[in-house]
Number of protein chains: 2
Amino acid sequence: MARAATTSDVFNAVAEERRRDILELLRDGELPATAVAERLGMTQPGTSKHLKVLREVGLVRDRRAGKQRLYALDARGLRAIHEWAGGFEQYWSESFDRLETYVQRLLHDDEEAQ
Amino acid sequence: MARAATTSDVFNAVAEERRRDILELLRDGELPATAVAERLGMTQPGTSKHLKVLREVGLVRDRRAGKQRLYALDARGLRAIHEWAGGFEQYWSESFDRLETYVQRLLHDDEEAQ
DNA sequence: GCGTCACTTTCCCATATGGGTATATGTTGC
DNA sequence: GCAACATATACCCATATGGGAAAGTGACGC
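The text that follows walks through the structure, step by step, so that each part is easy to find. Each chain carries its own residue numbering, running from 1 in the written order of its sequence. In the order they appear in the text, chains get letters beginning with A and ligands get numbers beginning with 1. Confidence filtering applies because this is a predicted model: local features only for residues at pLDDT of at least 70, side-chain atom pairs given and counted only at 80 or more, and all residues used for totals across whole chains, interfaces and linings. Excluding hydrogens and water, the side-chain figures rest on all heavy atoms present in the structure.

1. Section: the side chain of B:Asp74
Okay, so step 1: The helix count covers DSSP runs of H or I at least four residues long, the strand count covers runs of E at least two residues long, and both are numbered beginning at the N terminus. Along the chain, B:Asp74 falls in the loop between β3 (68-73) and α5 (78-86).
Okay, so step 2: In this structure the side chain of B:Asp74 is engaged in a polar contact, spanning 2.7 Å, whose partner is the side chain of B:Arg76. N or O atoms closer than or at 3.5 Å make up a polar contact, with two conditions inside protein: a donor-capable atom paired with an acceptor-capable one, and, for residues adjacent in sequence, both atoms drawn from side chains.

2. Here's the deal with the pattern of salt bridges
All names here are of chain B.
Okay, so step 1: A pairing counts as a salt bridge when a side-chain nitrogen of Lys or Arg comes within 4 Å of a carboxyl oxygen of Asp or Glu. Taken as a whole and assessed by the stated rule, the structure comprises 12 salt bridges over all chains.
Okay, so step 2: Notably, a salt bridge pairs Asp74 with Arg61, separated by 3.7 Å at the nearest N-O pair. Residue Asp74 is located in the loop between β3 and α5, and its partner Arg61 is located in strand β2 (residues 60-65); the two are separated by 13 residues in the primary sequence. Arg61 matches Asp74 in its accessibility class, with the two residues each being buried. Only protein chains enter the calculation, and the probe is 1.4 Å; a residue is then buried if its accessible area is under 20% of its type maximum, exposed if over 50%, and partly exposed in between.

3. Here we look at the interface of chain B and chain A
Okay, so step 1: In this description, contact between two residues means that some pair of their heavy atoms is separated by no more than 4.5 Å. Facing 41 residues of chain B, the contacting portion of chain A comprises 41 residues.
Okay, so step 2: Note: buried area is the sum, over both parts, of the accessible area (probe 1.4 Å) each one loses when the two are combined. Both faces combined, the contact of chain B with chain A buries some 4,200 Å², and carbon together with sulfur accounts for 61% of it.
Okay, so step 3: One can count two salt bridges joining chain B with chain A.
Okay, so step 4: Taking the shortest distance from any N to any O, the salt bridge between A:Asp9 and B:Arg20 comes out at 3.3 Å.
Okay, so step 5: Along the contact surface separating chain B from chain A lie 13 residue pairs in polar contact (both at pLDDT 80 or more).
Okay, so step 6: Elements that contribute at least two residues to the side of chain B that touches chain A include exactly α1 (10-15), α2 (17-26), β2, α5 and α6 (89-113) of chain B.

4. With respect to the sheet that holds strand β1 (residues 31-32) of chain B
Residues and elements named next belong to chain B.
Okay, so step 1: We call two strands paired when DSSP finds no fewer than two bridges between them. Sheet architecture is open: three strands sit in the order β1-β3-β2, paired in antiparallel fashion. Edge strands, defined here as strands with exactly one partner in the open sheet, are β1 and β2.
Okay, so step 2: When β2 meets β3, the two strands line up antiparallel, connected through six bridges. Residue pairing for β3: Arg63 is matched across the bridge by Leu70.
Okay, so step 3: Helix-sheet contacts for helix α4 (residues 44-56) involve β2 and β3, and the interaxial angle to β2 is about 115°. Here the axes come from fitting lines to C-alpha atoms, over the contacting stretch only for helices, and the angles between their N-to-C directions go from 0 to 180 degrees.

5. Side note on the protein's contact with DNA strand D
Okay, so step 1: By convention in these notes, a residue is near a molecule or strand provided one of its non-hydrogen atoms lies within 4 Å of it. Taken together, 28 residues surround DNA strand D, and among them A:Ala2, A:Lys49, B:Met1, B:Thr34 and B:Tyr71 come closest.
Okay, so step 2: Here A:Arg19 contributes a side-chain N or O atom positioned 2.9 Å from a phosphate oxygen of DNA strand D.
Okay, so step 3: Within the contact set of DNA strand D, a base oxygen lies 2.6 Å away from a side-chain nitrogen or oxygen of A:Lys49.
Okay, so step 4: Secondary structure elements with two or more residues in the surface near DNA strand D: α4 (44-56) of chain A together with α3 (33-40), α4 and β3 of chain B.
Okay, so step 5: With six residues, the single largest contributor to the surface near DNA strand D is α4(B).

6. Observations concerning the protein's contact with DNA strand C
Okay, so step 1: A:Met1, A:Thr34, A:Gln44, A:Ser48 and A:Tyr71 are the nearest of the 27 residues found near DNA strand C.
Okay, so step 2: Expressed as a percentage, the sugar and phosphate content of the atoms of DNA strand C within 4 Å of the protein is 60%.
Okay, so step 3: A distance of 3.1 Å separates a phosphate oxygen of DNA strand C from a polar atom in the backbone of A:Arg69.
Okay, so step 4: A distance of 2.5 Å separates a phosphate oxygen of DNA strand C from a polar atom in the side chain of A:Tyr71.
Okay, so step 5: Listing elements by their share of the surface near DNA strand C, those giving two or more residues are α3 (33-40), α4 and β3 (68-73) of chain A together with α2 and α4 of chain B.
Okay, so step 6: Per-element tally for the surface near DNA strand C: the top contributor is α4(A), with five residues.
Okay, so step 7: When grouped by side-chain class, the residues that make up the surface near DNA strand C number eight nonpolar, eight polar and 11 charged. Under the grouping applied here, Gly and all other residues not named as nonpolar or charged are polar, the nonpolar ones being Ala, Val, Leu, Ile, Met, Phe, Trp, Tyr, Cys and Pro and the charged ones Asp, Glu, Lys and Arg.

Structure representation (structure tokens):
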């Protein structure tokens, strides 16, 4: 097997930095595909592909406006990520304490080794 | 170019569900690699590879304990993800409203088209 | 209908993945 | 030193990626 498809998951879709950039950009409002490409300095076909991935996982919506296709953020899917990471909140608060315990254990092990 | 390395980012590391499972498991405390494999029903080499990725991005730490190697969660890196997703919080709250606007615009477009 | 603009899709490629199996490394106890 | 146990690495494979270039689709204005 290979790596999971980028479209299999919001997590996978968002793993690509370019796509995170796109989402951030779209916070300011709808934009046509070309504008996204320009503002992020990406090629037009490249942008189109990234937008497709985001569309497939439901993080953006698109609507036609004449020849243009306007892309808009649909951030609801990001909530799952926020909540998943939030489930670790107490642990990253404790991390310093834990790290200290860990370091002290290492030091202790060294003493024993000598 | 291919997809970004799984070790290039916390986002990429966490895109793999198996690795998220490992992190969740380690919330209950340190575990030797074999225990992780057993509890998640993964092969030993597979687990070892996933743990390596998590180690390289700093989401787990390991220490030797005799023949065993105990892995512990270091959740600090997940904070970045939590905060990044949190930056969209107001948007997923608004999403229903936006979706409505969007749908109405679609309906409107249809009317015009007829 | 036709040219043009705005995109999307198709191809091709280099790359790295995750999974399995087999093998190597490291540590302990005798 | 050696057997046994705990992990890590090396190999192999199928797969999908992101990027670039080129070709295809759709909508508009004349």
